[in-house]
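Fold and contact review
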Amino acid sequence: MAKRAIITGILGQDGPYLAKYLLAKNYKVYGMVRRYSNPTFDNLDYVGITNKIEYIEGDMGDESSLMNVIRVVRPDEVYNLAAQSFVGDSWQMAKLTTEVNAIGVLYLLNAIKYISPTAKFYQASTSEMFGLGNTKGYQDENTNFHPRSPYGIAKVYAHMMTINFRESYGLYTSNGILFNHESPIRGIQFVTRKITDGVARIKLGLKDKLHLGNLDAKRDWGFAGDYVEAMYMMLQQKKTDDFVVGTGINHSVKEFVQLSFKYAGIEDWEKYIVIDPRFKRPAEVHELKAKPDKAFKQLGWKPKVSFEELVKMMVEADLKRVKKLL
Ligand code: NAP
Ligand code: F7E
């Protein structure tokens, strides 16, 4: 019989890539969606699987809806990707971010514990939990957490609760501590998509300037399509565990900007950039760089798409998309 997987956050960036990966492995994939007035399936359309998913309603803020999802699906695997995932908004929406990203995970773990205790659980943890954590120039599974945003703080709660359900009740629960991963279907607020969309609009004459915040921040950026493979691999291990997933190489926002303009054929990029305090954060995470040795060794996972290939892929996709608007 086909294995059954539930993906929460199916309409976001990672959900469609993971669903496509699991469908290729013959899983029956259920996608949890919250109630919408006007749902958009654009990201699933982009990867070409909109009609291959079974949709089920549920909201991370509503415990009984999560109980119902687990009761109806009786999953073998649960991938919890749902979140208020934009760090920048989490100061203005700290309570909502906590309810969805922290308490929602407790609800989901409880639903699994009571209804489907043999289901394996993947939690989307994040490098934002490290924040200013002790660093030797990189972060790995032993690095301290010192989150800098309500987003990061809520994710630490969910991370620890995921470990606690493993230790207290013997559930198969695993945290993937993923560093930034991007793609042509990345949300438009995140800096990479904001840049590649902005560059495409500038190139095609629809925009004059690109307003950005801190250009010196450094991130370890990889391709989302590669990272969902690590999520799957974590749930296939004999022993449940937590893993850092990243490329091990970081770049500044400025480097991302320069390269994006270069791929669009624009050399004098500086004249298009406006440094805008509205996009600076109350507390910044200045630099993140993964040391993903454990994932490389234990999971046998490796990223395939380089930083340069990622930027090129995103610029080309946005040029194509923006051309259709002309
Ligand atoms: P994303 O594009 O923002 O997708 C998140 C999804 O969660 C959206 O589809 C959203 O639904 C859904 N959601 C939000 N609130 C919800 C609620 N109350 N109930 C049910 N669903 C809700 O995020 P992503 O980039 O795919 O990331 C996936 C997960 O990995 C997130 O948990 C994120 O925090 C974590 N993460 C991401 C990265 C990264 O670099 N991408 C790195 C580390 C960890 P709507 O479509 O309705 O808004
Ligand atoms: O910012 C700087 C900003 O919003 C990256 C989420 O997926 O990855 C993501 O969080 C950096 C920050 O991603 C702008 O200050 C400069 O230093 O693209 P971002 P993030 O905050 O790293 C982690 C791993 C997650 O878990 C999250 O869910 O870029 N930056 N200027 C800017 N950022 C934005 N958004 N907009 C700017 O104009």
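Right, let's walk through the structure included here. (Residues numbered from 1 in each chain as written. Chains lettered and ligands numbered in written order. Predicted model: local features only at pLDDT ≥ 70, side-chain atom pairs only at ≥ 80, totals over all residues. Heavy atoms only, no water.)

Another point: the pattern of salt bridges. Tallied over the full model, the rule gives 16 salt bridges. One salt bridge connects glutamate 54 with lysine 28, and the closest N-O pair in it is separated by 3.0 Å. A residue pair is termed long-range when its members are at least 10 positions apart, and glutamate 54 in strand S3 (residues 54-57) and lysine 28 in strand S2 (residues 28-33) qualify at 26 residues. The class for lysine 28 is partly exposed, based on a relative accessible area of 34%. For arginine 186, the salt bridge goes to glutamate 182, with nearest N and O atoms at 2.6 Å. Of the residues examined, glutamate 182 reaches a relative accessible area of 1% and is grouped as buried. One network of salt bridges, in which partners are shared, links Glu128, Arg219 and Glu284. (Salt bridge = Lys/Arg side-chain N within 4 Å of Asp/Glu carboxyl O. Helix = DSSP H or I, 4+ residues; strand = E, 2+ residues; numbered from the N terminus. Buried < 20%, exposed > 50% of the residue type's maximum accessible area, 1.4 Å probe, protein only.)

This part is about the nonpolar core. One recurring pattern in soluble globular proteins: nonpolar side chains tend to sit buried together. Counting 66 residues, the largest nonpolar core has Ile7, Leu22, Tyr79, Tyr122 and Phe261 as its most contacted members. Here this core gets eight residues from one element, more than from any other, and that element is helix H7 (residues 224-234). Shared between two domains, this core takes at least three residues from each, and those domains are domain 1 (4-181 + 220-245) and domain 2 (187-219 + 251-284 + 306-323). Beyond its immediate chain neighbours, meaning those up to four positions away, tyrosine 122 contacts Val78, Tyr79, Asn80, Leu81, Ser174, Gly176, Leu178, Met231, Met234 and Leu235. Counting 23 residues, the second largest nonpolar core, distinct from the first, contains Val105, Leu108, Leu109 and Ala158. (Core = buried A, V, L, I, M, F, W, Y, C linked by side-chain atoms within 4.5 Å. Domains from an automatic or database assignment. Contact = heavy atoms within 4.5 Å.)

Within the structure shown, the criterion is met by 15 aromatic pairs. Pairing tyrosine 21 with tyrosine 232 gives two aromatic rings, centres 5.5 Å apart and planes at 70°, and the pair type is edge-to-face. Linking tyrosine 21 in helix H1 (residues 14-24) with tyrosine 232 in helix H7, this pair joins segments that are 211 residues apart in sequence. The interplanar angle of 75° and the centroid separation of 5.8 Å between the aromatic rings of phenylalanine 256 and phenylalanine 307 together place this pair among those described as edge-to-face. With a gap of 51 residues between them, phenylalanine 256 in helix H8 (residues 253-263) and phenylalanine 307 in helix H10 (residues 307-323) connect regions that are remote in the sequence. For the residue pair phenylalanine 256 and phenylalanine 307, the accessibility class agrees, reading buried in each case. Of the aromatic side chains, those joined through ring pairs into one cluster are Tyr21, Tyr27 and Tyr232. Its guanidinium or amino end placed over the ring of tyrosine 172, lysine 120 lies 4.6 Å from that ring's centre, counting from NZ or CZ. Here the basic side chain of lysine 194 rests over the ring of phenylalanine 279, its NZ or CZ set 3.2 Å away from the ring centre. (Phe/Tyr/Trp six-rings, centres within 6.5 Å; stacked < 30°, edge-to-face > 60°. Lys NZ or Arg CZ within 6 Å of the ring centre and 35° of its normal.)

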